[in-house]
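Take a look at the letters that make up each chain.
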Amino acid sequence: MKSIIAVSALVAMVAAQLEPPAGPFTAGAWNPSNRWTGVAINASGRGFWIGKDSSSYCPVVKGLDCTAFPGTSTVFAGGSGTLSLDVAVPGGQQVFVGPDGALGYTGAHSASIPVGAVTTGFLRFQSVAGGAPVPMTFEGSGFRACPVDETQENVYQVFASAVGTDPGNCIQFQLRTYSAPGISAWQY
Ligand SMILES: *[C@@H]1O[C@H](CO)[C@@H](O)[C@H](O)[C@H]1NC(C)=O
């Protein structure tokens, strides 16, 4: 009897976290009490932000059509262990969590990450909760958005909640992912 209960509990646990849809995706912040229902998370200047446009770059190279890389949205790949930006630049761009919890990414043509940064621990899954959202966690927790400064109202930097501390003015949120049609930027 005991083992039957244990097995059904296990089945319920597995059912609550289904395989996420394959393919590239964008990320949004979900915290309805802050009126965030998927507000875009964009990559810029090696960090991730709410309320800021993506920064992207496409080199002027003969034969490279940069109109294929508008870079207006921030598209990710992976999310099972490691996480990357979905880019065309050879070598890609890896996402990491810095020692203060800040979500960052490597520059093009470089695999170097800050001392103490971590590249594994991301988990993307399909929930069975209302609407079957596809959240992503880092080390089992969500994320926090911290205001940048008074001069940039409504701009927040994204940190992993599992790392570092909330100075007291951050907003905790669930990170949700949304399937994207494909690559957007040559590099961010
Ligand atoms: C961030 O990216 C999204 C698309 O992914 C875009 O719609 C939005 O305008 C961007 N900028 C800001 C300030 O949110």
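Structural data are supplied above this passage.
Rules behind the numbers
Residues numbered from 1 in each chain as written. Predicted model: local features only at pLDDT ≥ 70, side-chain atom pairs only at ≥ 80, totals over all residues. Heavy atoms only, no water. Core = buried A, V, L, I, M, F, W, Y, C linked by side-chain atoms within 4.5 Å. Buried < 20%, exposed > 50% of the residue type's maximum accessible area, 1.4 Å probe, protein only. Contact = heavy atoms within 4.5 Å. Phe/Tyr/Trp six-rings, centres within 6.5 Å; stacked < 30°, edge-to-face > 60°. Helix = DSSP H or I, 4+ residues; strand = E, 2+ residues; numbered from the N terminus. Disulfide = S-S within 2.5 Å.

A.B. asks: I tried to follow the nonpolar core on my own but got confused; where do I start?
C.D. replies: Note on soluble globular proteins: their nonpolar side chains tend to be buried together. Grouped together as the largest cluster of nonpolar side chains are 37 residues, with contacts concentrated most on Ile41, Phe48, Ile50, Leu85, Val95 and Phe173. Sequence-distant contacts of Ile41, that is, excluding residues within four places in its chain, are made with Ala27, Gly28, Ala29, Phe48, Trp49, Ile50, Thr74, Val158, Phe173 and Leu175.

A.B. asks: Is there a simple way to think about the packing of aromatic side chains in this case?
C.D. replies: Scanning the entire structure with this criterion turns up 8 aromatic pairs. On the numbers, 5.2 Å between centres and 80° between planes, the contact of Trp36 with Tyr156 is edge-to-face. Placement of Trp36 in strand β3 (residues 36–44) and of Tyr156 in strand β12 (residues 156–160) is noted, with a sequence separation of 120 residues between them. Tyr156 sits in the buried class, given a relative accessible area of 15%. Ring pairing ties together the aromatic residues Phe25, Phe48, Phe76 and Tyr105, which thus form one cluster.

A.B. asks: Explanation requested: the state of the cysteines in the structure shown.
C.D. replies: Chemically, a disulfide is nothing more than a covalent bond linking the sulfur atoms of two cysteines. For the coordinates displayed, the defined rule picks out 2 disulfides. A sulfur-sulfur distance of 1.8 Å marks the disulfide that ties Cys58 to Cys66. Taking the torsion about the sulfur-sulfur bond, which here is approximately -80°, the covalent link between Cys58 and Cys66 counts as left-handed. What pairs with Cys146 in a disulfide is Cys170, and their sulfur atoms sit 2.1 Å apart. The S-S bond linking Cys146 to Cys170 shows a torsion near 105°; that makes this disulfide right-handed. Pair noted here: Cys146 is in strand β11 (residues 143–147) and Cys170 is in the loop between β12 and β13 (171–179), with a separation of 24 residues, a long-range link.

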